[in-house]
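A look at the structure
Read off the chains here:
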Amino acid sequence: MIELIIGKYTYWISITLMMIGFYAMIAKGNLIKKIIGMNIFQTAVFLFYISTAMVKDGTAPILWQKANLYVNPLPHVLILTAIVVSVSVTAVALALIIRIYKAYGTIEEEQILKMANETPNPKLVVNKGEPFQTPNTAK
Amino acid sequence: MINITEHLPVLIIVISLMSAAIIPIAGRFNRHYSWYITVAVTFVSFLISISLLNRVLNTGKISYWLGGWQPPWGIEYVLDYLNIFILLIVSFIAFIVSLYARHSIEKEIAEHKISTFYSVYMLFIAGLMGMTLTGDLFNLYVFIEISSLAAYTLIAVGRKRNALMASYNYLILGTIAATFILLGIGYLYMVTGTLNMADLRELLPPLYESKVVLTAFAFFTVGLSLKLALFPLHIWLPNAYTHAPSVVSAIMAATSTKVGAYVLLRIMFTVFKVEFDLEVVPVTKILLVLSSVAIIAGSVLAIAQTNIKRMLAYSSVGQIGYIVLGAALINQTAMTGSLIHILNHAIMKGTLFLVIGAVVYKTGIEDISGLRGMGKKMPYSMAAFTIAALSMIGIPLTVGFVSKWYIAMGALNAGMWYFVPIILLSSLLTAVYFWRIIESIYFEDANTEPQNAEYSQIRNPDDAPLGMLIPTLILAGLCLFFGVAAFLPVSIAEKAASMLLGGM
């Protein structure tokens, strides 16, 4: 039992982090907090990957130093790519939130849903300028 | 000199990615250049995929090593009967929709955003084609994220502010899905030390009972079901399709969920073997139940809608159920049906969304009432709509009949006759929600409600511009052509199905 908890503590940490992030993504009403949750969620998976690469007493995998026992470099490389992906997702999400704030004047999901339901289907304005004309936007 | 034909499998993705960078620059000189480039590039990728199809039919499987690195160390692109079929669908629909896009986009999107729109469109296509071609799991994850990121952006340019929330919700769910897939890849890498799909197929069988592999499979299934919008995980889809610009709804409905379905098949049947799905985990039973619920629920929910794009979106949820049902029955006939349905649904839904795009272009109305009396005003578009709608119902001589026939026969072959009534019931429900539209198109007087009054004044036929009409009619024609000449796609789909079920 102790072995299960202490010996695999990295896994427990990433599971805990993952659940915290997952909870925030689902339960939080604030759009920015959801994105923070998403980042925690993704980072938990990254930490999990990195911890699987660990080799006890291993060194850095450098060829010319003739390292015999070295940590697995591949998960690190994969996670570098995954971090780039996660940064892009965060950037797109934040850009969307800026647009949502401009269109609705709030970033609380409840209020946005209320506003979306209140407005019946108005005639679609076919225009070539900015598509959003909302009275509620706080200037 | 490098031999170009040898490098075609990677070139088809490279030109799309490169064009995504060039289009905004060209658009700075002249807005129209960006559309010309998009059409040219999608046409070239369609030609490349035809030539690849030719090579696959002649020589069998193609394996392309990126940068000359030998797999499993390097990334490998694999082309077999299954993914050349999907690649053809994606590149063809991308070409047709980009032809159509010009007028529709100019009306629905602000002028300064047009050239970047085409750029993101090409990124989306590149991501989908990459997902189709790759033989490496991590590369698959990267392409999934490329296409999803592009999709979030494409949805968000919709005209109403609801589009933003639709895009945001899809982003949250899509990221959960992609992270689940990433975690699944991590588990498989932990136990096997490889990311190459063919290599995994060889290394996994001794580990089938391992909890790590089972968990990996669970994460893959849930993540991909979210991506392809299988029933309980479909909530992002209706809003996304409803609020996106018409062109984006068409391309997403026709390709993105289909590629998701392809990836699910690829993981279930080529990374894992059929024995795993049948004996180790009850995944096929779960998928059978979920897909039958999806078929019925999608049709029932579609009946309740008044917005026509939302109705088509719910009908998509039902049609995805057919694809998964055919795959989960695990026999040759049903699998063939499922693969043809990927093609057929792409054509049918593509046509329907393109027609709705034309109606929105002319009248700006997305409600079903907006179609009243349109049979006289937009005769060609409405003819295309009728053909595609009949095909969705599954009238013989249209494509919808072929795939439903194969799936129903497959269900009988598998001894599971109770799926046949489900298919029949759903066809009936489909007839209900399409027939009320066809009826109001042809047998009701034009809509004279104030919001449509302006357009009702027009007495003579006033169809969409040719640039929109021709692509729509080509797709509608294919609904009939492949319904009659069904042997063309069936011959490829049969080979792909036997490859999936019988081994590489």
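The coordinates are above.
Residues numbered from 1 in each chain as written. Chains lettered and ligands numbered in written order. Predicted model: local features only at pLDDT ≥ 70, side-chain atom pairs only at ≥ 80, totals over all residues. Heavy atoms only, no water.

1. With respect to the overall build of chain A
Where we set the bar: For helices the rule is a DSSP run of H or I covering at least 4 residues; for strands it is a run of E covering at least 2, with both sets numbered from the N terminus onward. Three labels apply to residues, based on accessible area from a 1.4 Å probe with only protein chains included: buried if under 20% of the type maximum, exposed if over 50%, partly exposed otherwise in between. Residue contacts follow a heavy-atom distance rule, with two residues in contact if any of their heavy atoms lie within 4.5 Å. With residues, only the protein chains shown are counted as cover, and all accessible areas are computed by Shrake-Rupley using a 1.4 Å probe.
The helix and strand tally for chain A stands at five helices and zero strands. Burial statistics for chain A: of 139 residues in total, 32% are counted as buried. Pairs at least 24 residues apart make up 50% of the contacts formed inside chain A by residues separated by at least 6 positions. As presented, chain A carries roughly 8,800 Å² of accessible surface, and 68% of it is formed by carbon and sulfur atoms.

2. Re unusual backbone geometry
Residue and element names in this part refer to chain B. For the bond running from Pro71 to Pro72, omega is 5°, close enough to zero to count as cis. In this structure, Ile330 is a non-glycine residue whose phi angle is positive, near 50°. For Leu397, which is not glycine, the phi torsion reads 80° and is therefore positive. With respect to the secondary-structure elements, Leu397 resides in the loop between α16 (379-393) and α17 (399-413).

3. Observations regarding a nonpolar patch on the surface
Residues and elements named next belong to chain A. Rules: The patch calculation keeps residues exceeding 30% relative accessible area without a salt bridge and links them within 9 Å when they carry like charges or within 5 Å when they are nonpolar (Val, Leu, Ile, Met, Phe, Trp, Tyr). Any carboxyl oxygen of Asp or Glu that lies within 4 Å of a side-chain nitrogen of Lys or Arg is treated as forming a salt bridge with it.
On the surface, a nonpolar cluster with roughly 870 Å² of combined accessible area is contributed by Met1, Ile2, Leu4, Ile5, Ile6, Trp12, Ile15 and Met19. Elements represented by at least two residues in the nonpolar patch include exactly α1 (2-7) and α2 (9-27). Take the nonpolar patch: its biggest share by element is four residues, from α1. In this fold, Met1 is placed in the segment before α1. Judged by its relative accessible area of 72%, Met1 is exposed.

4. A word on the interface of chain B and chain A
Put simply, an interface is often sized by how much accessible area is lost when its parts join up. Convention followed: Once two parts are joined, some of their accessible surface, as seen by a 1.4 Å probe, is lost; buried area is that loss totalled over both.
Opposite the 42 residues of chain B that make contact, chain A presents 49 residues. For the chain B and chain A pair, buried surface summed over both sides reaches about 4,200 Å², with 71% attributable to carbon and sulfur atoms. Taken as a group, Arg161, Leu164 and Tyr168 of chain B account for 18% of the area that chain B buries against chain A, more than any other trio of residues on that side. Scanning the region where chain B abuts chain A turns up zero salt bridges.

5. Re the pairing of strand β2 (residues 76-79) of chain B
Residues and elements named next belong to chain B. What counts here: At least two bridges found by DSSP between two strands is the condition for calling them paired.
Of the two faces of β2, both are covered, the one formed by Glu76 and Val78 as well as the one formed by Tyr77 and Leu79. Inspection of the sheet shows strand β1 (residues 62-65) paired to β2 by four bridges, in the antiparallel sense. By the bridge assignment, Tyr64 is partnered in β2 with Tyr77.

6. Points about the nonpolar core
Put simply, the rule is: Here the nonpolar core consists of buried residues drawn from Ala, Val, Leu, Ile, Met, Phe, Trp, Tyr and Cys, with membership extended through side-chain atoms lying within 4.5 Å.
Membership of the largest hydrophobic core comes to 225 residues, with the highest contact counts inside it found for Met252, Phe272, Phe385 and Phe434 of chain B. Sort the elements by how many residues they give to this core and helix α6 (residues 162-192) of chain B lands first, with 19 residues.

7. Concerning the layout of surface pockets
Which parts of space are left empty comes out when a probe the size of a water molecule is rolled across the atoms. Note the following rule: In this analysis, the protein atoms alone were mapped onto a 1 Å grid. Cavities are point sets where a 1.4 Å probe fits without being able to get out; pockets are open sets with protein on both sides within 12 Å along at least five of seven lines; lining residues have an atom within 4 Å of a point. Grid points are joined across faces, edges and corners, and a volume is the space filled by probe spheres set on the points. In this count, Pro and Cys sit with the nonpolar residues alongside Ala, Val, Leu, Ile, Met, Phe, Trp and Tyr, while Asp, Glu, Lys and Arg are called charged and the others, Gly among them, polar.
Quantified by volume, the second largest pocket comes out at close to 450 Å³. Surrounding the second largest pocket, 19 residues form its lining, Leu74 and Leu78 of chain A together with Pro72, Trp73 and Leu195 of chain B being those nearest its centre. Of all the secondary structure elements, the ones that give two or more residues to the lining of the second largest pocket are α4 (73-104) of chain A together with α5 (137-156) of chain B. By residue number, the principal contributor to the lining of the second largest pocket is α4 of chain A, which donates five residues. Across the lining of the second largest pocket, the residue classes tally to eleven nonpolar, six polar and two charged.

8. Describing the environment of Glu108 of chain B
Residue and element names in this part refer to chain B. Checked against the element boundaries, Glu108 lands in helix α3 (residues 81-108). For the pair formed by Glu108 and Gly158, sequence separation is 50 residues and the distance between their alpha carbons is 7.6 Å. Apart from residues lying up to four places away in sequence, Glu108 is in contact with Arg159, Pro245, Ser246 and Val360.

9. Describing the packing of α4 of chain A against α6 of chain B
For clarity, the threshold we go by: To obtain each axis, a line is fitted to C-alpha atoms, and for helices this fit is confined to the stretch in contact; angles are then taken between N-to-C directions over 0 to 180 degrees. With respect to orientation, any angle under 35 degrees is reported as roughly parallel, any angle over 145 as roughly antiparallel, any angle of 65 to 115 as roughly perpendicular, and every other angle as oblique.
Across the interface, α4 of chain A lies against α6 of chain B with an axial gap of 9 Å and an inter-helix angle of 170°. Taken together, the axes of α4 of chain A and α6 of chain B are roughly antiparallel relative to one another. Contacts from Leu74, Pro75, Ala82, Val89, Val92, Ala93, Leu96, Ile97, Arg99, Ile100, Ala103 and Tyr104 of chain A of α4 of chain A reach α6 of chain B at Asn162, Leu164, Met165, Ser167, Tyr168, Leu171, Thr175, Leu182 and Tyr189 of chain B. Taken together, the residues of the contact of α4 of chain A with α6 of chain B sort by class into 17 nonpolar, three polar and one charged.

10. A few points about the pattern of salt bridges
Going through the model one piece at a time under the given rule, you end up with six salt bridges over all chains. Across the pair Lys34 of chain A and Glu109 of chain A runs a salt bridge, and its minimum N-O distance is 3.4 Å. In this pair, Lys34 of chain A is assigned in helix α3 (residues 31-52) and Glu109 of chain A in helix α5 (residues 109-118), connecting sequence segments 75 residues apart. Lys34 of chain A sits in the buried class, given a relative accessible area of 6%. Among the ionic pairs, Arg31 of chain B bridges to Glu111 of chain B, the shortest N-O distance being 3.7 Å.

11. Some points on the packing of aromatic side chains
Residue and element names in this part refer to chain B. For clarity, the cut-off: The pairing test for Phe, Tyr and Trp rings, Trp by its six-membered ring, is centres within 6.5 Å, and the orientation test on the planes gives stacked under 30 degrees, edge-to-face over 60, and tilted for anything in between. A positively charged side chain is recorded as over a ring if its NZ (Lys) or CZ (Arg) lies within 6 Å of the ring centre. The angle to the ring normal must also be within 35 degrees.
All told, the structure shown has 28 aromatic pairs over all chains when counted by the stated rule. Here Phe138 and Tyr141 contribute two aromatic rings whose centre-to-centre distance is 5.6 Å and whose plane-to-plane angle is 45°, an arrangement assigned as tilted. In this pair, Phe138 and Tyr141 are both assigned in helix α5, three residues apart and thus about one turn of the helix distant. Grouping residues by exposure puts Phe138 and Tyr141 together as buried. The ring of Tyr361 carries the charged tip of Lys107 above its face, separated from the ring centre by 4.6 Å.

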